[in-house]
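The lines below spell out each chain.
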Amino acid sequence: MKPISTLAEGVAPSATLAVDSLAKQMKADGKPVIGFGTGEPDFDTPQNIKDAAVAAIAAGKTKYTAASGIAELKKAVCARLREDCGPGYAPAEIVIASGAKHSFYAALRALLNPGDEAVIPAPYWVTYPEAVKMCGAVPVIVAADESAGFKITAAQLEAAVTPKTKLFIINNPSNPTGMLYSEAELRALADVCVRHDLYIVADEIYYKLVYSGKFTSIASLGADIKERTVLINGVSKSYAMTGWRIGYSASSASLARVMENYLSHSTSAPSTVSQWAAVEALAGDQTSVEAMRLEFVRRREYIVRRVNEIPDLSCITPDGAFYVMINVSRLFGRTTGGAAIANADDFALALLERKLVALVSCESFGAPGFVRMTYAAGMDDIAEGLDRIAEFVAGDAQG
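Residues numbered from 1 in each chain as written. Predicted model: local features only at pLDDT ≥ 70, side-chain atom pairs only at ≥ 80, totals over all residues. Heavy atoms only, no water.

Our next topic: the pairing of strand E3 (residues 117–122). Counting buried positions along E3 gives six out of six residues, so the element sits mostly inside the fold. Of the two faces of E3, both are covered, the one formed by Glu117, Val119 and Pro121 as well as the one formed by Ala118, Ile120 and Ala122. One ladder, built from six bridges, connects E3 with strand E4 (residues 138–143); its direction is parallel. Bridge assignment links Val119 to a residue of E4, and that residue is Val140. Tracing the backbone out of E3, into helix H6 (residues 127–134) and back to the parallel element E4 gives a crossover that is right-handed. By the bridge criterion, three bridges tie E3 to strand E5 (residues 165–171) in an arrangement that is parallel. By the bridge assignment, Glu117 is partnered in E5 with Thr165. (Buried < 20%, exposed > 50% of the residue type's maximum accessible area, 1.4 Å probe, protein only. Helix = DSSP H or I, 4+ residues; strand = E, 2+ residues; numbered from the N terminus. Pairing = 2+ DSSP bridges. Right-handed = clockwise from strand over helix to strand, strands pointing away.)

Taken as a whole and assessed by the stated rule, the structure comprises 20 salt bridges. The salt bridge partner of Arg298 is Glu295, with a shortest N-O separation of 3.0 Å. Here the residue Arg298 and the residue Glu295 both occupy positions in helix H12 (residues 287–309), the gap between them amounting to three residues, near one helical turn. For Glu295, a relative accessible area of 17% translates into the label buried. Between Arg334 and Asp312 there is a salt bridge whose closest N-O contact spans 2.6 Å. Here Arg334 is found in strand E10 (residues 334–336), whereas its partner Asp312 is found in the loop between H12 and strand E9 (323–327), with 22 residues between them in sequence. Its relative accessible area of 29% is what places Asp312 among the partly exposed residues. Through salt bridges with shared partners, a single network forms among Asp42, Glu295, Arg298 and Arg299. (Salt bridge = Lys/Arg side-chain N within 4 Å of Asp/Glu carboxyl O.)

Okay, the packing of helix H13 (residues 344–355) against helix H14 (residues 379–394) next. Angle between the axes and distance between the axes: these two values describe a pair of packed helices. Contact geometry of H13 with H14 gives a least axis separation of 10 Å together with a crossing angle of 110°. The angle between H13 and H14 falls in the class roughly perpendicular. Mapping the contact onto sequence places Phe347, Ala350, Leu351, Arg354 and Lys355 in H13 and Arg388, Ile389, Glu391, Phe392 and Val393 in H14. Looking at the contact of H13 with H14 residue by residue, the class counts come to six nonpolar, no polar and four charged. (Axes fitted to C-alpha atoms, helices over the stretch in contact; angles between N-to-C directions. Parallel < 35°, antiparallel > 145°, perpendicular 65-115°, else oblique. Contact = heavy atoms within 4.5 Å. Nonpolar A, V, L, I, M, F, W, Y, C, P; charged D, E, K, R; others polar.)

Compared with an ideal rise of 1.5 Å per residue, which puts 16 residues at 22 Å, H14 spans 22 Å between its outermost C-alpha atoms and is within 8% of the ideal. Looking at H14, one finds that the buried residues are Met379, Ile382, Gly385, Leu386, Arg388, Ile389, Phe392 and Val393. (Expected span 1.5 Å × (residues − 1).)

The following block contains the structure:
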């Protein structure tokens, strides 16, 4: 047999989905696992959105749609972006896809040629470098440490640019760090992109979940920045619609046509019923979003306090999203809970095996020494999970 694609062989599996899969299997085996792995809000989809889906089914809105989505949803996207984020878009500049991850991948396929370079700040969502590699392009990682709030500077971006650099990827607020770039920080980064004629792929999926500071969409910083930016967004996080699989991109009309062509030959449009539900999510009552945001604030404050009370663990307070980066590096070289801890992978695996708590090691997020805990989980689980983490760290600790 001839070998399979070298591009496919070079793609690593998703660390977050791997942890979630293992935790779910352990639960199925009857073990009381508490999962803090995947970024999936524990809230139910709001009732008005579910009602809109039922109404769409009853009305027979179940046929294929255009590859880039229904006109009503594109108009709803334009209105929501204009109201919340500032930049104005026309429906021809919107492409609907099967989740924000799908929108992100379609944007990369439209922009990258084999051998192109894409600059990615670290820590990063695990999909970013893998999706770049799936296009035959090269991810260039620029690291930001905890002391810098996990945010890179314009000088760091400038130093990473080469003649092969095609685009810059930014996630704001960030997964896994939860940190938020200010308007001034974004403008400095965007200026580098304009000066070097780079595209910007801006994942703003968590923009409604901000607790400290003020969110600024990078596309709102001027026409010269907007024209080179592809905004990635969706309904999964802010509206608790992860399984509905609706994401969208906003870009120039010419780039949107290329992405639509790509989708027409790969997946076609996402679920028609889900699209109609997303219309209601974006255009309907927004009070449920604020209710979720306030609950996330409460959970964030509790987790940050509890983590920083555990000896040898620490975290900084995230600005948005629903993740906390826990620094576990002070445990390296020790044995705790009967397990030798050499890195974050060891910590996460031992914690799952011994205390049945699923966290994600951030080794695969470009952040060695950290694990990620999501607070998209109920307070009872959060409290019990942190109790178990504290017990694990305290147990059998040896230098």
